[in-house]
Amino acid sequence: MAIERTLSIIKPDGLKKNLVGAIIAHFEKAGLHPVAMRMMHLSRADAEGFYAVHKERPFFGSLVEFMTSGPCVVMALEGENAIAKNREIMGATDPKKAADGTLRKLYATDVEKNTVHGSDSPENAKIEIAYFFRTTELVKR
Ligand code: CMP
């Protein structure tokens, strides 16, 4: 299996619940290791740009409000099959549908305040990592 990189965000609800360490521990135990990491409070423009594909959705305004409501941790995670593995660890978008033991089942509040984001494809992983990190900020492990 190929070594990949994916973008992960610990969302404002995750920080409010003091889950940063617990969430990163899940990733590390599963072989996904941060190669870039930053704590940041997204501006409206940051959040609107990041979620631009959802701008026609009815939840877009509320999603932007939520994502700008407090600080996030943005990370590039590296490991074997990182994109699919991260999505498996996160669980379904809606925590009510997420499998036992997944981050969203364990920690999410609802379909919006769902604690973590992860890239959904190799193409989007590249785009999303580049949205937050310069090439020189990604370390070699
Ligand atoms: P994420 O994986 O970051 O991708 C888009 C985000 O939009 C998603 O997680 C949720 O936070 C949010 N989202 C998706 N579907 C809904 C919905 N039906 N209602 C509110 N927010 C949603």
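Criteria and cut-off values
Residues numbered from 1 in each chain as written. Predicted model: local features only at pLDDT ≥ 70, side-chain atom pairs only at ≥ 80, totals over all residues. Heavy atoms only, no water. Helix = DSSP H or I, 4+ residues; strand = E, 2+ residues; numbered from the N terminus. Buried < 20%, exposed > 50% of the residue type's maximum accessible area, 1.4 Å probe, protein only. Arc of directions from axis to C-beta. Pairing = 2+ DSSP bridges. Axes fitted to C-alpha atoms, helices over the stretch in contact; angles between N-to-C directions. Contact = heavy atoms within 4.5 Å. Near = heavy atom within 4 Å. Polar contact = N/O pair within 3.5 Å; in protein donor to acceptor, adjacent residues only side chain to side chain. Areas by Shrake-Rupley, 256 points an atom, 1.4 Å probe, with all protein chains shown as cover. Nonpolar A, V, L, I, M, F, W, Y, C, P; charged D, E, K, R; others polar. Core = buried A, V, L, I, M, F, W, Y, C linked by side-chain atoms within 4.5 Å.

Student: How do you make sense of unusual backbone geometry when you look at a structure like this?
Tutor: What is expected of a backbone is that most residues other than glycine have negative phi and most peptide bonds are trans. One non-glycine residue with positive phi stands out, namely Asn81, at about 55 degrees. Among the secondary structure elements, Asn81 is positioned in the loop between strand 3 (72-80) and helix 5 (82-90). Given the relative accessible area of 28%, Asn81 is considered partly exposed. Of note in the backbone geometry, Thr115 takes a positive phi value of approximately 75 degrees without being a glycine. Here Thr115 is to be found in the loop between helix 6 (103-107) and strand 4 (116-118). For Thr115, a relative accessible area of 0% translates into the label buried.

Student: Looking at this structure, how should I read helix 4 (residues 60-67)?
Tutor: Because each turn of an α-helix spans 3.6 residues, side chains separated by three or four positions in sequence point in the same direction. When helix 4 is considered as a whole, its buried residues turn out to be Phe60, Leu63, Val64, Phe66 and Met67. Within helix 4, the buried residues cover an arc of 160 degrees as seen down the axis, which keeps them to one side.

Student: Looking at this model, I keep getting lost on the sheet that holds strand 3. Mind explaining?
Tutor: Strand pairing within a sheet occurs via backbone hydrogen bonds; the two strands may be parallel or antiparallel. Across the sheet, which stays open at both edges, the 4 strands sit in the order 2-3-1-4 with antiparallel pairing between neighbours. Bordering the open sheet on either side are strand 2 (33-40) and strand 4, each of which pairs with just one other strand. Across the sheet, the mean angle from the axis of one strand to that of its neighbour is 20 degrees, orientation sign disregarded. Looking at chain direction, strand 1 (residues 3-10) and strand 3 are connected through 8 bridges and run antiparallel. The residue of strand 3 that forms the bridge with Ile3 is Glu80. Docked against the sheet, helix 5 engages strand 1, strand 3 and strand 4, running at close to 35 degrees with respect to strand 1. Running over the sheet, helix 7 (residues 122-132) touches strand 1, strand 2, strand 3 and strand 4 and is turned about 55 degrees from strand 1.

Student: Looking at this model, I keep getting lost on the site of the ligand. Mind explaining?
Tutor: All residues in the neighbourhood of the ligand are listed as Lys11, Tyr51, His54, Phe59, Leu63, Thr93, Arg104, Val111, Glu112, Asn114 and His117. A distance of 2.7 Å is found between an oxygen atom of the ligand and a side-chain nitrogen or oxygen belonging to Lys11. Between Asn114 and the ligand, the recorded distance is 3.1 Å, taken from a side-chain N or O atom to an oxygen atom. Burial of the ligand by the surrounding chains reaches 79%, relative to a free accessible area of 460 Å². Residues that form the shell around the ligand fall into these classes: 4 nonpolar, 4 polar and 3 charged.

Student: Honestly, the nonpolar core in this entry has me stumped. Any pointers?
Tutor: Formed by 21 residues in total, the largest nonpolar core has its most connected members in Leu7, Ile9, Leu42, Met67, Phe132, Phe133 and Leu138. When residues of this core are traced back to their parent elements, those giving at least two are strand 1, strand 2, helix 3 (44-50), helix 4, strand 3 and helix 7. It is helix 4 that provides the largest number of residues to this core, a total of 5 residues. Aside from chain neighbours lying at most four places away, what touches Leu7 is Phe50, Met75, Asn86, His117, Gly118, Ser119, Glu128, Ile129, Phe132 and Phe133. Membership of the second largest hydrophobic core comes to 16 residues, among which are Leu15, Ile23, Leu32 and Val116.

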